[in-house]
Amino acid sequence: MSATRRETIRVRGLHKSFGTQPILQGIDLSAFEHETISIIGQSGSGKSTLLRCLNLLEIPQVSQFLVNGEEIRFRQTRGGVAPEDRRQVERLRRSVAMVFQQFNLWAHWTALENVCKVPQHVHGVDSGEARQRALACLEKVGMADKCDSYPSQLSGGQQQRVAIARALAVNPDILLFDEPTSALDPELVSEVLGVMRALSAEGRTMIVVTHEMSFARDVSHRAIFLHQGRIEEEGAPSEVFSRPRSRRLGEFLGKG
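Residues numbered from 1 in each chain as written. Predicted model: local features only at pLDDT ≥ 70, side-chain atom pairs only at ≥ 80, totals over all residues. Heavy atoms only, no water.

## Looking at the sheet that holds strand E3 (residues 36-40)
Argument step 1. Taking strand neighbours across the sheet as the criterion, the 6 strands line up as E8-E9-E10-E3-E11-E12 in an open arrangement whose pairing is mixed. With one partner strand each, in any of the chains shown, strand E8 (96-99) and strand E12 (230-235) form the two edges of the open sheet. With strand direction ignored, the average angle separating the axes of adjacent strands in the sheet is 20°.
Argument step 2. Pairing between strand E9 (residues 174-178) and strand E10 (residues 205-209): 5 bridges, direction parallel. Within E10, the position partnered with Phe-177 by the bridge is Val-208. (Pairing = 2+ DSSP bridges. Helix = DSSP H or I, 4+ residues; strand = E, 2+ residues; numbered from the N terminus. Axes fitted to C-alpha atoms, helices over the stretch in contact; angles between N-to-C directions.)

Here you go:
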């Protein structure tokens, strides 16, 4: 895939600590256009922190950070590291959208309003276009009939699908999913995974932190196993899940 597809993200030598506690220790990661990558690993291995670094919700120490070919520059400050140019951060966030574990919908807005407000107020899309875009995105995730419902009137799975529609509404090049089904009751997981499978099938570039092993195995183009802040193993899911090379991955998959 990497030989024929455009590289959308490249990070080299990514480190992140909280205080004196190292969380990520030298991550090298590339993602390519139309690729779905699943990141798996035990709780506390650094998966969510890695995803938040890719969207600069957390600022890492990194030797190289490129998004769509643009190198993101950082500078040293008294408090640590900060982006050198806020305009670069703004461009990154137009290209990279994130879906969180919790739905983070505004309770006082309808589903439609939740989806259209970000492109309208953050990205400057006029209200008419933002509304049409929001309706199309809600249709894509199977929520058009709930456009006038408030979050309190929706199930957890429905709220997460609205959150996915909100991410889609900014026309991102890359979608980041941080354990999008972990806050759902088991019977609601399949409806969210169904939307994610459809997005992957249509060629969306996606990086997914997940504990849903069937999704990682069957949908991903590449699987990454993170252990104690390092990439312990990565490769095609058929190899990673069937023939793990590392003892730690084998134990995680119950094959050790």
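## Remarks on the nonpolar core
Argument step 1. Residues Ile-164, Phe-177 and Met-196 are the most contacted members of the largest nonpolar core, which totals 40 residues.
Argument step 2. Taken together, the elements giving at least two residues each to this core come down to E8, helix H3 (111-121), helix H4 (127-140), helix H5 (156-168), E9, helix H6 (186-201) and E10.
Argument step 3. Broken down by element, the residue count for this core peaks at 7 residues, all from H6.
Argument step 4. Other than its neighbours up to four places away in sequence, Met-196 contacts Ile-164, Phe-177, Pro-180, Met-206, Val-208 and Phe-215. (Core = buried A, V, L, I, M, F, W, Y, C linked by side-chain atoms within 4.5 Å. Buried < 20%, exposed > 50% of the residue type's maximum accessible area, 1.4 Å probe, protein only. Contact = heavy atoms within 4.5 Å.)

## Points about the side chain of Glu-212
Argument step 1. One can find Glu-212 in the loop between E10 and helix H7 (213-218).
Argument step 2. No salt bridge is formed by the buried Glu-212; its nearest oppositely charged neighbour, Arg-197, is found at 7.7 Å.
Argument step 3. Other than its neighbours up to four places away in sequence, Glu-212 contacts Thr-181, Val-189 and Leu-193. (Lys, Arg positive; Asp, Glu negative; His and termini not counted. Salt bridge = Lys/Arg side-chain N within 4 Å of Asp/Glu carboxyl O.)

## Points about unusual backbone geometry
Argument step 1. For His-34, which is not a glycine, the phi torsion comes out positive at approximately 70°.
Argument step 2. Considering the arrangement of structural elements, one finds His-34 in the loop between strand E2 (21-32) and E3.
Argument step 3. When its relative accessible area of 32% is taken as the criterion, His-34 is described as partly exposed.
Argument step 4. A positive phi angle is found at Asn-68, which is not glycine, with a value near 50°.

## Considerations on the sheet that holds E2
Argument step 1. Taking strand neighbours across the sheet as the criterion, the 4 strands line up as E2-E1-E4-E5 in an open arrangement whose pairing is antiparallel. The strands lining the two open edges of the sheet, one partner per strand, are E2 and strand E5 (70-71).
Argument step 2. Taken together, the 2 bridges between strand E4 (residues 64-67) and E5 define a ladder with antiparallel strand orientation. When the sheet's bridge partners are listed, Leu-66 is paired in E5 with Glu-71.

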